[in-house]
Amino acid sequence: MRPRVPLTIGVAAFLALGAAIAVPNIASASATLGQHAAARGKYFGSATDNPELTDAPYVSILSSEFNQITPGNTMKWQYTEPQQGQFSYGQADTVVSLARSNNQSVRGHTLVWHSQYPSWVDSVPANQLLGVMRNHVTNVAGHFQGQLIHWDVVNEAFEENGTRRQSVFQRNIGDSYIAEAFRAARAADPTAKLYYNDYNIEGLGAKSDAVYAMVQQFKAQGVPIDGVGMQAHLILGQVPSSIQQNIQRFANLGVDVAITELDIRMNLPRDAAKDAQQANDYRAVVNACLAVTRCVGITVWDYTDKYSWIPSVFPGQGAALPYDENLNKKPAYTAIHDALAGTTTPTTPPPTSPTTTPTSGPGACAATYQIVSQWTGGFQGSVTVRNTGTSAMNAWAVRWSFGAGQVITNLWNGSVTQTSANVAVRNAPYNGALAPGASTSFGFVASWTGSNPAPASLTCGIT
Ligand code: 9MR
């Protein structure tokens, strides 16, 4: 990657002054896509798939560059309910726990789709399919309850002309199947935001009009929809010019929007001109999302050409992602990075050392506070909670007081309340249980002005 000019100037000025403070942290100057997105109140994520997780260099970038993960396949019906009533979550759990260990949020993909479902579904009598679909949604969303930021509840239910796709669900249940799936998902996981997800709805057109009309109707009827996922499997040079306007019109209906499966394919082979066009295209998509407050984040459909789905489905096309097959960054990466960085390029180093308050005895725990990255006006923090006692814990709570007006804007892997300076974080439903010696962590993004000292002390306990 080319050196960032502001860093070069900053270091030179700093050296010239001969200041006697710590050298700026180089890592903060070349912050990750996830860190820059967080600084803009959004996420930048990647899809991944279980077979790729044996590729250590791949996992290293996946784990560090992105702050959101989508399992590309293993939450789909064919994996999660391969036989009727027999649920299987091992592979999806692997992706979710990897993401959690890296402080990344997870989008659930997908509960009801006309593709990648097991053949037994086709044999369910028509008058039983609604119950079968509800049972699937209830079990799968229930299994991951509290662990996901979003669910793609229904995927790709419309044709290009805006009519309903004649899937097995549409044919046997009728138009109401989408609303029914959303209701079942809300009941099973009240904390995940519920999305309708589709492709070719990034710009204005017949298909996005049909989705728009559905969302409008759901809002009027009280059907629990929270967001629209625009997949954005795009073609080089063909980012719809109306993309920002289209995102905004959905936002104006009172739903969030996410770019869920972004890739921009080209006719192979790559060359410099195509790479430059692709960089422009990625920049346009990122800027469109940044321009709309309710556009909450962007996910690339895996991050490297090594694992892209494109060449197998579109022969002769590919090179659609921001890293090449050798995991090298392409011009598209730099374009995304710089668009996300905007005016908030991190310039200040993480200023603090971790603060730890160990305690001992039954039910005792220790909390360690760390600033992961910091930029003008904001920072990402992480707190590790360790059971330092001799018996298992089922719940924990960590408290501290911010010393300089910091305010948490987003926290994951825990639930937070902040009353002026006082912060209390309790475990999420899935990370309260800690054996003696075991630890877990939660992450957060917060704002700061003036200075950002670490809290003087933290307390950790079971209530
Ligand atoms: O990336 C997925 C690929 O590994 C699968 O073979 C394919 C099967 O259809 O599904 C891919 O992901 C799709 C996603 O779930 C929905 N939108 C289109 C994506 C590309 O096909």
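Just so you know, these numbers come straight off a predicted model, no measurement behind them. (Residues numbered from 1 in each chain as written. Predicted model: local features only at pLDDT ≥ 70, side-chain atom pairs only at ≥ 80, totals over all residues. Heavy atoms only, no water.)

Engineer: Run through the pattern of salt bridges, naming residues and quoting values.
Structural biologist: Counted under the stated rule, the structure contains 12 salt bridges. Between Lys306 and Asp55 there is a salt bridge, with its nearest N and O atoms 2.7 Å apart. Pair noted here: Lys306 is in the loop between strand 9 (295-300) and helix 13 (310-313) and Asp55 is in the loop between strand 1 (43-48) and helix 4 (56-65), with a separation of 251 residues, a long-range link. For Asp55, a relative accessible area of 12% gives the class buried. The partner of Arg183 in a salt bridge is Glu180, with the nearest N and O atoms 3.6 Å apart. Pair noted here: Arg183 and Glu180 are both in helix 9 (residues 177-188), with a separation of three residues, about one helical turn. Classification of Arg183 by relative accessible area gives partly exposed; the value is 39%. (Salt bridge = Lys/Arg side-chain N within 4 Å of Asp/Glu carboxyl O. Helix = DSSP H or I, 4+ residues; strand = E, 2+ residues; numbered from the N terminus. Buried < 20%, exposed > 50% of the residue type's maximum accessible area, 1.4 Å probe, protein only.)

Engineer: Please give an account of the pairing of strand 12 (residues 365-375) that cites residues and values.
Structural biologist: Counting buried positions along strand 12 yields eight of 11 residues, so the element is predominantly enclosed. Judged from the 10 bridges that link them, strand 12 and strand 13 (residues 378-387) form a sheet pairing that is antiparallel. Bridge assignment links Ala366 to a residue of strand 13, and that residue is Arg386. Taking the residues between adjacent antiparallel strands as the criterion, strand 12 and strand 13 are bridged by two residues, where Gly377 takes a positive phi near 90°. (Pairing = 2+ DSSP bridges.)

Engineer: Summarise the site of the ligand; cite the residues concerned and give the values.
Structural biologist: If you check the shell around the ligand, you find Asn73, Lys76, His109, Trp113, Gln116, Asn155, Glu156, Gln231, His233, Glu261, Trp301 and Trp309 and nothing else. Measuring from an oxygen atom of the ligand, one finds a side-chain N or O atom of Lys76 at 2.7 Å. One of the side-chain nitrogen or oxygen atoms of Gln116 is found 3.3 Å away from an oxygen atom of the ligand. Contact with the protein chains covers 72% of the free accessible surface of the ligand, which is 450 Å². For the shell around the ligand, the per-class residue count stands at three nonpolar, six polar and three charged. (Near = heavy atom within 4 Å. Polar contact = N/O pair within 3.5 Å; in protein donor to acceptor, adjacent residues only side chain to side chain. Areas by Shrake-Rupley, 256 points an atom, 1.4 Å probe, with all protein chains shown as cover. Nonpolar A, V, L, I, M, F, W, Y, C, P; charged D, E, K, R; others polar.)

Engineer: Which residues make up the state of the cysteines, and what values do they have?
Structural biologist: Per the counting criterion, the structure on display carries two disulfides. One disulfide bridge connects Cys289 with Cys295, the sulfur atoms lying 2.1 Å from each other. On the sign convention where negative is left-handed, the bridge of Cys289 and Cys295, at about -100° about the S-S bond, is left-handed. The buried category is assigned to Cys289, whose relative accessible area is 1%. Among the residues examined, Cys295 registers a relative accessible area of 0% and is labelled buried. Across a sulfur-sulfur distance of 1.9 Å, Cys365 and Cys460 are joined as a disulfide pair. Residues Cys365 and Cys460 share a disulfide whose torsion about the S-S bond is about -105°; that sign makes it left-handed. One end of the pair, Cys365, is in strand 12; the other, Cys460, is in strand 19 (residues 458-461), with 95 residues separating them in the sequence. By the burial criterion, Cys365 is buried, and Cys460 matches it. Numbered by order of appearance in the sequence, the disulfide-linked cysteines of the protein chain pair as 1-2, 3-4. (Disulfide = S-S within 2.5 Å.)

Engineer: Provide a residue-level description of the environment of Tyr303, including the pertinent values.
Structural biologist: Looking at where Tyr303 falls in the secondary structure, it is placed in the loop between strand 9 and helix 13. For the pair formed by Tyr303 and Lys329, sequence separation is 26 residues and the distance between their alpha carbons is 9.8 Å. In contact with Tyr303, not counting residues within four places along its chain, are Ser46, Pro57, Tyr58, Ile61, Leu62, Phe66, Leu321, Pro322, Tyr323 and Leu327. (Contact = heavy atoms within 4.5 Å.)

Engineer: How would you summarise the environment of Gly131 if you had to cite specific residues and measurements?
Structural biologist: Considering the arrangement of structural elements, one finds Gly131 in helix 7 (residues 129-143). Take Gly131: its relative accessible area is 40%, and that puts it in the partly exposed class. Sequence spacing of Gly131 and Ile173 is 42 residues, and the spatial spacing of their C-alpha atoms is 9.8 Å.

Engineer: Go over the sheet that holds strand 16 (residues 415-419), please, and point to the residues and values.
Structural biologist: Reading across the sheet, the four strands line up as 16-17-14-19 and stay open at both edges, with antiparallel pairing between neighbours. Whereas interior strands pair on both sides, the edge strands pair on one side only; in this sheet they are strand 16 and strand 19. Neighbour-to-neighbour, the strand axes of this sheet turn through a mean angle of 15°, independent of strand direction. Across five bridges, strand 16 lies against strand 17 (residues 422-426) in antiparallel orientation. Looking at strand 17, one finds that Thr419 is bridged to Asn422. (Axes fitted to C-alpha atoms, helices over the stretch in contact; angles between N-to-C directions.)

Engineer: Give a description of unusual backbone geometry that names residues and reports values.
Structural biologist: Between His109 and Thr110 the backbone carries a cis peptide bond, its omega angle lying at -5°. Of note, the amide linkage connecting Leu268 to Pro269 takes the cis form, showing an omega dihedral of 5°. Position of Pro269 relative to the elements: it lies in the loop between strand 8 (256-267) and helix 12 (272-290). Phi angles above zero are rare outside glycine, and Gln116 is one such case at about 50°. Even without being a glycine, Asn200 presents a positive backbone phi close to 55°. Looking at the secondary structure, you find Asn200 in the loop between strand 5 (193-198) and helix 10 (206-221). Owing to a relative accessible area of 41%, Asn200 belongs among the partly exposed residues under this scheme.

Engineer: Kindly report on the packing of aromatic side chains, identifying the contributing residues and their values.
Structural biologist: Under the criterion given, the structure shown has 25 aromatic pairs. The interplanar angle of 40° and the centroid separation of 6.1 Å between the aromatic rings of Tyr369 and Phe444 together place this pair among those described as tilted. Highlighted residues: Tyr369 in strand 12 and Phe444 in strand 18 (residues 439-447), separated in sequence by 75 residues. Each member of the pair Tyr369 and Phe444 is classed as buried. In this structure an aromatic cluster arises from ring pairing among Phe44, Tyr58, Phe66, Tyr303, Tyr307, Tyr323 and Tyr333. A cation sits over an aromatic face here: Lys207 above Tyr199, 3.6 Å from the ring centre. (Phe/Tyr/Trp six-rings, centres within 6.5 Å; stacked < 30°, edge-to-face > 60°. Lys NZ or Arg CZ within 6 Å of the ring centre and 35° of its normal.)

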